[in-house]
Amino acid sequence: QVQLVESGGGLVQPGGSLRLSCKLSGSIFSAPSMGWYRQAPGKQRELVASITTSKTTNFADSVKGRFTISRDNAKDTVYLQMNTLKPEDSAVYYCSAYLQSRTYWGQGTQVTVSS
């Protein structure tokens, strides 16, 4: 019954912005940690950003200063604001949530940065 659904991906030009959303449903508990990972074709999945219920955040070095992660604890929704996008940011972005000693994953949303 626990579900993670991402939205907001799409095609954007270099230097542009996108905002991804992910909503957790089916749990009476708020996830202690939620985050975003991404995976490009032929590449390993990597952590982009994470955030706890206390709003402590972590970012990959490659996105620091460009991306912002936030969450609405009451709605169990996490957001990823992506600014100054680069072609190397192109990937499938996956939402994740950790709660009750388990990690859950969304199905992913495609982000393509191209002229």
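Residues numbered from 1 in each chain as written. Predicted model: local features only at pLDDT ≥ 70, side-chain atom pairs only at ≥ 80, totals over all residues. Heavy atoms only, no water.

If you walk across this open sheet you meet the four strands as β1-β3-β8-β7, and the pairing is antiparallel. Bordering the open sheet on either side are β1 (3–7) and β7 (67–72), each of which pairs with just one other strand. Along the sheet, successive strands turn relative to each other by an average axial angle of 15 degrees, direction set aside. With six bridges joining them, strand β3 (residues 18–25) and strand β8 (residues 77–82) adopt antiparallel strand pairing. If you follow L20 over to β8, its bridge partner there is L80. (Pairing = 2+ DSSP bridges. Helix = DSSP H or I, 4+ residues; strand = E, 2+ residues; numbered from the N terminus. Axes fitted to C-alpha atoms, helices over the stretch in contact; angles between N-to-C directions.)

Note on placement: S21 falls in strand β3. In this structure, S21 is in contact with V5, E6, S7, W36, V78 and Y79, ignoring residues within four places of it in sequence. (Contact = heavy atoms within 4.5 Å.)

Now for the pairing of β3. Sheet topology note: the β1/β3 ladder contains five bridges and is antiparallel. Within β3, the position partnered with Q3 by the bridge is S25.

Quick look at the state of the cysteines now. If you walk through the whole model with that rule in mind, you get one disulfide. With a sulfur-sulfur separation of 2.0 Å, C22 is cross-linked through a disulfide to C95. Measuring the twist about the S-S bond at about -85 degrees, one finds the C22-C95 disulfide to be left-handed. Here the residue C22 occupies a position in strand β3, and C95 occupies one in strand β9 (residues 91–99), the gap between them amounting to 73 residues. Owing to a relative accessible area of 0%, C22 belongs among the buried residues under this scheme. In this structure C95 comes out as buried when scored by relative accessible area, which is 0%. (Disulfide = S-S within 2.5 Å. Buried < 20%, exposed > 50% of the residue type's maximum accessible area, 1.4 Å probe, protein only.)

Turning our eyes to something else, we now look at the side chain of D76. By the element assignment, D76 lies in the loop between β7 and β8. We note that D76 is buried and unpaired, the nearest opposite charge coming from R71 at a distance of 4.0 Å. In this view, D76 contacts C22, K23, L24, F29, S30, A31, M34 and R71; residues no more than four positions away in its chain are not counted. (Lys, Arg positive; Asp, Glu negative; His and termini not counted. Salt bridge = Lys/Arg side-chain N within 4 Å of Asp/Glu carboxyl O.)

With that settled, consider the nonpolar core. Grouped together as the largest cluster of nonpolar side chains are 29 residues, with contacts concentrated most on M34, W36, L80, M82 and Y93. Put simply, the parts of the chain that give this core at least two residues each are β3, β4 (33–39), β5 (46–52), β7, β8, β9 and β11 (109–113). In terms of residue count, β9 provides more of this core than any other element does, five residues in total. Setting aside its immediate chain neighbours within four residues, M34 contacts L4, C22, L24, S50, I51, I69, R71, D76, V78, C95, S96 and A97. (Core = buried A, V, L, I, M, F, W, Y, C linked by side-chain atoms within 4.5 Å.)

Attention now moves to unusual backbone geometry. One non-glycine residue with positive phi stands out, namely K55, at about 75 degrees. Checked against the element boundaries, K55 lands in the loop between β5 and β6 (57–59). For K55, a relative accessible area of 44% corresponds to the partly exposed category. Phi at D76 is positive, roughly 50 degrees, even though this residue is not glycine. Judged by relative accessible area, which is 8%, D76 ranks as buried.

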